[in-house]
Structures are given as C-alpha cells and as structure tokens.
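Residue strings, one per chain:
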Amino acid sequence: MKTPRTVLVALLAGLALTACAAPGDGSADSSPSPSPSTTGAAPVTSQPDPGTSPTTRPDPSWKGGPSTPPGVGGTVISGTVQAGVEPNCLLLDGHLLVGGPRDVLKAGVRVEVTGRPEPGMMTTCQQGTPFVVESARRA
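For the structure given in this document, a descriptive report is provided here. Bear in mind that the values here come from a model prediction, so they are computed numbers and not experimental data. (Residues numbered from 1 in each chain as written. Predicted model: local features only at pLDDT ≥ 70, side-chain atom pairs only at ≥ 80, totals over all residues. Heavy atoms only, no water.)

**What to know about the overall build of the protein**
Piece 1. Each helix and strand counted, the protein has 2 helices and 6 strands in total.
Piece 2. When burial is assessed residue by residue, the protein has 22% of its 139 residues classed as buried.
Piece 3. For the protein, the share of sequence-separated contacts (at least 6 apart) that also reach a separation of at least 24 residues comes to 59%.
Piece 4. Here the protein has roughly 9,700 Å² of accessible surface; of this, 60% comes from carbon and sulfur atoms. (Helix = DSSP H or I, 4+ residues; strand = E, 2+ residues; numbered from the N terminus. Buried < 20%, exposed > 50% of the residue type's maximum accessible area, 1.4 Å probe, protein only. Contact = heavy atoms within 4.5 Å. Areas by Shrake-Rupley, 256 points an atom, 1.4 Å probe, with all protein chains shown as cover.)

Structure follows, in structure tokens:
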C-alpha cells in the first residue's frame, strides 16, 4: 500500500515541476523564438519626435548657465524654490525637485528648471509631484 502512494507523490511532484518550466529555460522540448530576421519582419525601433532634440544630462560639475531645451516629455518650469516640510525637500510650483545642482536649487532662489514630471516615483517627501531635474539655472 505504501508503494503506490510514493509513486503517486513522485508523479505529482514531477508533473508540478514540468508545469512550471517556461519555454526557453533550457529544457529539451523548448524551441527558440523566431528572430525578426527569420520572420521577415523589420525590427522595431523608437524614433524621437522630429521636432525635438535628444536630451543630454549635464555634467555634474555644471553650475547653471543657459537652460537646455526639454527633451521628449520634458518641461520647463520657473519660479521661486520653497523648502518642503521634510528635510532636503525642495518645491517649485507644486513640483518636488529631484536631483539637480543643489548650489543653484536653494529655498528662496528664483530659478528656471528643465526636466520631466514622474508622478509614480517614490520619495520620502510628503508633498509635491516628483520632477526629475535635468538642468537648472538662476532666473
């Protein structure tokens, strides 16, 4: 009576492990997925909007100067930087400034900031929509 139960448990365990195997994981019955060159389809590439220029990140030693035009999805905001309720949190026009040159971005300073909003970004600050700063200059 013990042997059929052991065989049944071993069979079920093997079946469960086989069901968990995904194609392409190295198992013998997996076949490679077709590549664009074998299917005749052209590879998909994303092209920037022709009306915009690619965005480059400024050198970390950059201290301001002319603002760079915003890239795809980029925004320029200006105003006076305000201190947030949490330490080291800076706000500008309802946006939480993330990154950027801290010698330019100080509470009470009027600035022009280029970057992009990231509403889903997690932060420790309790206010403002996160705004990733690409460049900043005094206004």
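**Here's the deal with the sheet that holds strand E4 (residues 95-98)**
Strands belonging to one sheet form pairs held by backbone hydrogen bonds; the direction of such a pair is parallel or antiparallel.
Piece 1. Strand order in the open sheet formed by 6 strands is E1-E5-E6-E4-E3-E2, and the pairing between neighbours is mixed. Each of the sheet's edge strands pairs with one partner strand only, and the pair in question is strand E1 (75-80) and strand E2 (82-83).
Piece 2. The pairing of strand E3 (residues 90-92) with E4 spans 2 bridges and is classified as antiparallel. Pairing of Leu 91 across the sheet is with Leu 96, part of E4. (Pairing = 2+ DSSP bridges.)

**Description of the nonpolar core**
Piece 1. Counting residues in each nonpolar core, the largest one holds 13 residues, and the members touching the most others are Leu 97, Leu 105, Val 111, Val 113 and Val 133.
Piece 2. Sorting the residues of this core by element identifies E3, strand E5 (110-117) and strand E6 (129-138) as the ones contributing at least two each.
Piece 3. Per-element tally for this core: the top contributor is E6, with 3 residues.
Piece 4. Leaving out residues up to four positions away in the same chain, Val 133 has contacts with Leu 97, Val 98, Gly 99, Gly 100, Leu 105, Val 113 and Thr 114. (Core = buried A, V, L, I, M, F, W, Y, C linked by side-chain atoms within 4.5 Å.)

**Some points on the state of the cysteines**
Piece 1. If you walk through the whole model with that rule in mind, you get 1 disulfide.
Piece 2. Each sulfur in the disulfide pair Cys 89 and Cys 125 lies 1.7 Å from the other. Because the sign of the S-S torsion sets the handedness, a value of about -85 degrees for the bond joining Cys 89 and Cys 125 places this disulfide among the left-handed ones. Placement of the pair is Cys 89 in the loop between E2 and E3 and Cys 125 in the loop between E5 and E6, with a sequence separation of 36 residues. (Disulfide = S-S within 2.5 Å.)

**Thoughts on the pattern of salt bridges**
Piece 1. Per the counting criterion, the structure on display carries 3 salt bridges.
Piece 2. Among the ionic pairs, Arg 116 bridges to Glu 118, the shortest N-O distance being 3.0 Å.
Piece 3. Exposure remark for Arg 116: the relative accessible area of 23% places this residue in the partly exposed category.
Piece 4. Bridged by salt links that share partners, the residues Arg 116, Glu 118 and Glu 134 form one connected network. (Salt bridge = Lys/Arg side-chain N within 4 Å of Asp/Glu carboxyl O.)

**Some details on the environment of Asp 93**
Piece 1. Within the secondary structure layout, Asp 93 lies in the loop between E3 and E4.
Piece 2. Separated by 12 residues in the primary sequence, Asp 93 and Val 81 place their C-alpha atoms 8.0 Å from one another.

**Here's the deal with the environment of Val 98**
Piece 1. Position of Val 98 relative to the elements: it lies in strand E4.
Piece 2. A C-alpha to C-alpha distance of 8.9 Å links Val 98 and Thr 123, two positions 25 residues apart in sequence.
Piece 3. Contact partners of Val 98, with chain neighbours within four places excluded, come to Met 121, Pro 130, Phe 131, Val 132 and Val 133.

**What about the pairing of E4?**
Piece 1. Taking the residues between adjacent antiparallel strands as the criterion, E3 and E4 are bridged by 2 residues, where Asp 93 takes a positive phi near 55 degrees.
Piece 2. For E4 and E6, the ladder comprises 4 bridges, and the chain directions are parallel. Directly across from Val 98, in E6, lies its bridge partner Val 132.

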